[in-house]
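Below are the chains, spelled out letter by letter.
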Amino acid sequence: MRIDLHTHSTASDGTLTPAELVTAAAQTGLDVLAITDHDTTAGWAPAAAARPAGLALVRGAELSCRWYGVTPAIPLHLLAYLFDPTEPELVAELARVRRAREQRGERIVDRLRADGVDITWDEVLGYAGGGTVGRPHIAQALIRAGLVATTSAAFAPQWLGERYRLPKEDTDVFTAVRLVRGAGGVPVFAHPRATRRGTIVPDSLIVEMAAAGLFGLEADHEDHSPQERAHVRRLAGELGLVVTGSSDFHGTHKSVRLGAHTTAPDAYERIVIAATGVPLLH
């Protein structure tokens, strides 16, 4: 089985619609795909409706979290699988984070415009297409304006990587683990050792997260070095957590391909068995 448990659609910052995403997954030869858009379940229904025969669909989300145990707080992402999307407390928190993302995006555009950059908030919203607004949509506007050639270039320090990067509100990571578990979902820490993305949390925090209900660690990821992958596997083994591998596919926003990294069938089966929120679609 080929299992990819971390992908994005136009419901957040991917470039394929949910329907196109499941179609591409089947064409790529995947047996299982998880749709995990940022802080939203908006892609679930269209992905389910378009799901090709033979492709199992894991409905999930990638939650924007932060550990407030240090100053400044460290951002991290939590993959949540097969949770109940109607659980009131989780619904309210996801809505709050999406609003914060939108407000942050609008402030970034205002700052760019104040410096003479010819983009508009309406244009950025158009690129988001009704999905969760993120910096990749602002990057598309910068590309259209001829200021950068690629999304990667838009995230350079002189643009969205530093000069025009603003803090955003996230969910406390222990609150996120509790909410996902309370909604019958399965929480997995996404790319926990990706030092190329910035500051990472200490292993001691992961120990605490495991005690609080964390179910797994994503080891095989494009942003992990071989040494980082080995470290994650070793830590997961010590804590009794499942190990996953995923592409973190975003379409043309990133060069990584669907199925570039995959999850072992036994780890996938443990996730499905542990979930009580919504069923696997297969």
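Residues numbered from 1 in each chain as written. Predicted model: local features only at pLDDT ≥ 70, side-chain atom pairs only at ≥ 80, totals over all residues. Heavy atoms only, no water.

Caption draft 1: Just helix H8 (residues 203–212), in detail. Of the positions making up H8, those classed as buried are Leu 205, Ile 206, Met 209 and Ala 210. Seen from one end, H8 has its buried residues packed into an arc of 145°, which puts them on one side. Summarising the contacts, the buried residues of H8 are in contact with strand S3 (56–67), strand S4 (74–81), helix H7 (173–182), strand S6 (186–189), strand S7 (216–220) and helix H9 (226–239). Of the residues flanking the end of H8, it is Gly 213, one or two places downstream, whose phi is positive at about 125°. (Buried < 20%, exposed > 50% of the residue type's maximum accessible area, 1.4 Å probe, protein only. Helix = DSSP H or I, 4+ residues; strand = E, 2+ residues; numbered from the N terminus. Arc of directions from axis to C-beta. Contact = heavy atoms within 4.5 Å.)

Caption draft 2: View of the packing of aromatic side chains. In this structure the tally under the stated criterion is two aromatic pairs. Taking 5.2 Å as the distance between ring centres and 55° as the angle between the ring planes, the aromatic pair formed by Trp 44 and Phe 83 counts as tilted. With Trp 44 in helix H2 (residues 44–50) and Phe 83 in the loop between S4 and helix H3 (88–114), this pair connects stretches of sequence that are 39 residues apart. Judged by centre distance (6.0 Å) and plane angle (20°), the ring pair of Trp 159 and Tyr 164 falls under stacked. Across the pair, exposure class does not vary: Trp 159 and Tyr 164 are buried alike. (Phe/Tyr/Trp six-rings, centres within 6.5 Å; stacked < 30°, edge-to-face > 60°.)

Caption draft 3: Local environment of the pairing of S7. Along S7, five of the five residues are buried, which leaves the element largely enclosed by surrounding structure. Bridge count between S6 and S7: two bridges; the pairing is parallel. The residue of S7 that forms the bridge with Phe 189 is Leu 217. Crossover handedness for the path S6 to H8 to S7: right-handed. Where S7 meets strand S8 (residues 242–245), four bridges bridge the pair, whose relative direction is parallel. Within S8, the position partnered with Gly 216 by the bridge is Val 242. In this fold, the crossover linking S7 to S8 by way of H9 has right-handed handedness. (Pairing = 2+ DSSP bridges. Right-handed = clockwise from strand over helix to strand, strands pointing away.)

Caption draft 4: Just helix H5 (residues 135–144), in detail. Counting buried residues in H5 gives seven out of ten residues, a clear majority hidden from the surface. Every buried residue belonging to H5 is among Arg 135, Pro 136, His 137, Ile 138, Ala 139, Ala 141 and Leu 142, and all of these are buried. Buried residues along H5 sit in contact with H3, helix H4 (121–128) and helix H6 (151–154).

Caption draft 5: Region of interest: the environment of Gln 140. Along the chain, Gln 140 falls in helix H5. On the accessibility criterion, Gln 140 (24% relative accessible area) is partly exposed. Between the C-alpha atoms of Gln 140 and Ile 119, which are 21 residues apart in sequence, the distance is 9.9 Å.

Caption draft 6: Molecular detail of unusual backbone geometry. That bond from Thr 71 to Pro 72 is cis: its omega, 0°, falls within 30 degrees of zero. You can see Pro 72 is positioned in the loop between S3 and S4. With a phi close to 55°, Leu 82 is a non-glycine residue in the positive phi region. Relative to the assigned elements, Leu 82 resides in the loop between S4 and H3. One non-glycine residue, Asp 248, adopts positive backbone phi at about 55°. The topology assignment puts Asp 248 in the loop between S8 and helix H10 (265–274).

Caption draft 7: Spatial organisation of the pattern of salt bridges. Enumeration over the complete set of coordinates arrives at eleven salt bridges. Residues Asp 223 and Arg 197 are paired through a salt bridge, measuring 2.7 Å at the closest nitrogen-oxygen approach. Of the two residues, Asp 223 sits in the loop between S7 and H9 while Arg 197 sits in the loop between S6 and H8, which places them 26 residues apart along the sequence. Classification of Asp 223 by relative accessible area gives buried; the value is 16%. When the shortest N-O distance is used, the salt bridge between Arg 197 and Asp 248 registers 3.1 Å. Of this pair, Arg 197 sits in the loop between S6 and H8 while Asp 248 sits in the loop between S8 and H10; the two residues are 51 residues apart in sequence, bridging distant segments of the chain. When its relative accessible area of 36% is taken as the criterion, Arg 197 is described as partly exposed. A relative accessible area of 2% means that Asp 248 is categorised as buried. (Salt bridge = Lys/Arg side-chain N within 4 Å of Asp/Glu carboxyl O.)

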